[in-house]
Amino acid sequence: MVIKSYKARGIVLGTLKYGDKGVIAHLLTDVAGRQTYMVQGVRPSSKGSKMALLQPMFAVEFVGLTSPKMELHRMKDLVPGMVLQSTPFDIRKSTMALFMAEVLYRLVKESEPESHLFDFVWGSVAALDALEEGVANFHLWFLANLCRPLGFSPDNEYRDGAWLDIRDGKFTFTPEIPSTAMSPENARILHDMLECDVRYLAEIGLNRTERASFLEAMLKYYAFHLDSIHSVESLRIMSEVF
């Protein structure tokens, strides 16, 4: 059996127990797109387990293995891709990480690698870990900017007071169907999120009501383009916590 190997970076989207010492791991990778891996010997009961590296939104590096006779890819030489300093120990950030992982798991299907998407997600993991202020806005920034690599970000210039027609992703003063448009208040927040350097998220001053309203508006925007957003269970938690 001819086994091909490849070096990869990946972001963990989730795992599922397989047997006593194995897991099925879902990762977004730089060279294989979203991919599913059979990983043996990583359960806590196994000596030298690396299960700690396979937590949601952890960045890893590894060697992938595949062959025509293998149903799932395998991995070896698993090591951290970046050392997270705060996310695993900050309940707000770890909650954000769970949300980000579930969104990506639901929305991104197994396909060819997409460099813009991977680079955005990898950078988002680092940005969340480094963020000191504005954490409560991070999931909104993430959803707003994830639209870009997914292909339905607004494609025209924002003007103050405009609505966003969610059908064609255009800012407009005269939405044909207001029920399918994002309100001027939420369209402004979307514009701010798209323009904001993530390091300065705290400067977008939103209260809890505004965050909840914008999150609901973004869900409608996503739902129009990607039906699977409805199955993201952690959205309710995000709206309650932040």
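Scroll up for the structure.
Parameters and conventions
- Residues numbered from 1 in each chain as written.
- Predicted model: local features only at pLDDT ≥ 70, side-chain atom pairs only at ≥ 80, totals over all residues.
- Heavy atoms only, no water.
- Axes fitted to C-alpha atoms, helices over the stretch in contact; angles between N-to-C directions.
- Helix = DSSP H or I, 4+ residues; strand = E, 2+ residues; numbered from the N terminus.
- Parallel < 35°, antiparallel > 145°, perpendicular 65-115°, else oblique.
- Left-handed = near helix turned anticlockwise from the far one by under 90°.
- Contact = heavy atoms within 4.5 Å.
- Nonpolar A, V, L, I, M, F, W, Y, C, P; charged D, E, K, R; others polar.
- Pairing = 2+ DSSP bridges.
- Salt bridge = Lys/Arg side-chain N within 4 Å of Asp/Glu carboxyl O.
- Buried < 20%, exposed > 50% of the residue type's maximum accessible area, 1.4 Å probe, protein only.
- Expected span 1.5 Å × (residues − 1).
- Polar contact = N/O pair within 3.5 Å; in protein donor to acceptor, adjacent residues only side chain to side chain.

Student: Any chance you could explain the packing of helix 2 (residues 115-130) against helix 3 (residues 138-150) here in plain terms?
Tutor: Each packed pair of helices is defined by two parameters, the angle between the axes and the distance between the axes. The contact between helix 2 and helix 3 brings their axes to 9 Å, and the two run at 165 degrees. Relative to helix 3, helix 2 is oriented roughly antiparallel. Relative to helix 3, helix 2 is oriented so that their crossing is right-handed. For the pair formed by helix 2 and helix 3, the contact residues are His116, Leu117, Phe120, Ser124, Ala127 and Leu128 on the first element and Phe138, Trp141, Phe142, Asn145, Leu146, Pro149 and Leu150 on the second. Its residues assigned to classes, the contact of helix 2 with helix 3 comprises 10 nonpolar, 3 polar and no charged.

Student: Any chance you could explain the sheet that holds strand 7 (residues 170-172) here in plain terms?
Tutor: Strand pairing within a sheet occurs via backbone hydrogen bonds; the two strands may be parallel or antiparallel. If you trace the 3 strands from one edge of the open sheet to the other, you get 7-6-8, paired in antiparallel fashion. The sheet is open, and its two borders are formed by strand 7 and strand 8 (181-182), each paired with just one other strand. Examined bridge by bridge, strand 6 (residues 163-165) and strand 7 share 3 bridges and lie antiparallel to one another. Pairing of Asp165 across the sheet is with Lys170, part of strand 7.

Student: Even after reading the chapter, I still don't get the pairing of strand 1 (residues 4-18), so can you show me in this structure?
Tutor: Consecutive side chains of a regular strand alternate in pointing toward one face of the sheet and then the other. Looking at chain direction, strand 1 and strand 4 (residues 59-66) are connected through 8 bridges and run antiparallel. Within the sheet, the bridge partner assigned to Lys4 lies in strand 4 and is Thr66. Where strand 1 meets strand 2 (residues 22-29), 8 bridges bridge the pair, whose relative direction is antiparallel. Paired with Val12 across the strands is Leu27, a residue of strand 2. Hairpin connection, strand 1 to strand 2: the antiparallel pair is bridged by 3 residues, and Gly19 has positive phi, about 70 degrees.

Student: What's the story with the pattern of salt bridges in this structure? I'm lost.
Tutor: Any two side chains of opposite charge can pair if their charged atoms end up close together. Counted according to the given criterion, the structure contains 8 salt bridges. With a closest N to O distance of 3.1 Å, Arg92 and Asp90 form a salt bridge. Classification of Asp90 as buried rests on a relative accessible area of 19%. Through salt bridges with shared partners, one network takes in Asp165, Arg167 and Glu176.

Student: How should I be thinking about the pairing of strand 2 in this particular structure?
Tutor: With 8 of its 8 residues buried, strand 2 lies for the most part within the structure. Both faces of strand 2 are covered, namely the face carrying Gly22, Ile24, His26 and Leu28 and the face carrying Val23, Ala25, Leu27 and Thr29. In textbook terms, the turn of a hairpin is the stretch between consecutive antiparallel strands, and for strand 2 and strand 3 (residues 33-40) this stretch comprises 3 residues.

Student: Can you walk me through helix 1 (residues 91-107) in this structure?
Tutor: Think of an α-helix as 3.6 residues a turn; residues three or four steps apart then line up on the same face. Relative to the 24 Å expected for 17 residues at 1.5 Å per residue, helix 1 spans 24 Å between its end C-alpha atoms, a close match to the ideal helical length. You can read the cap of helix 1 off the contacts: a side-chain oxygen lies 2.9 Å from the backbone nitrogen of Arg92, and it is on Asp90.

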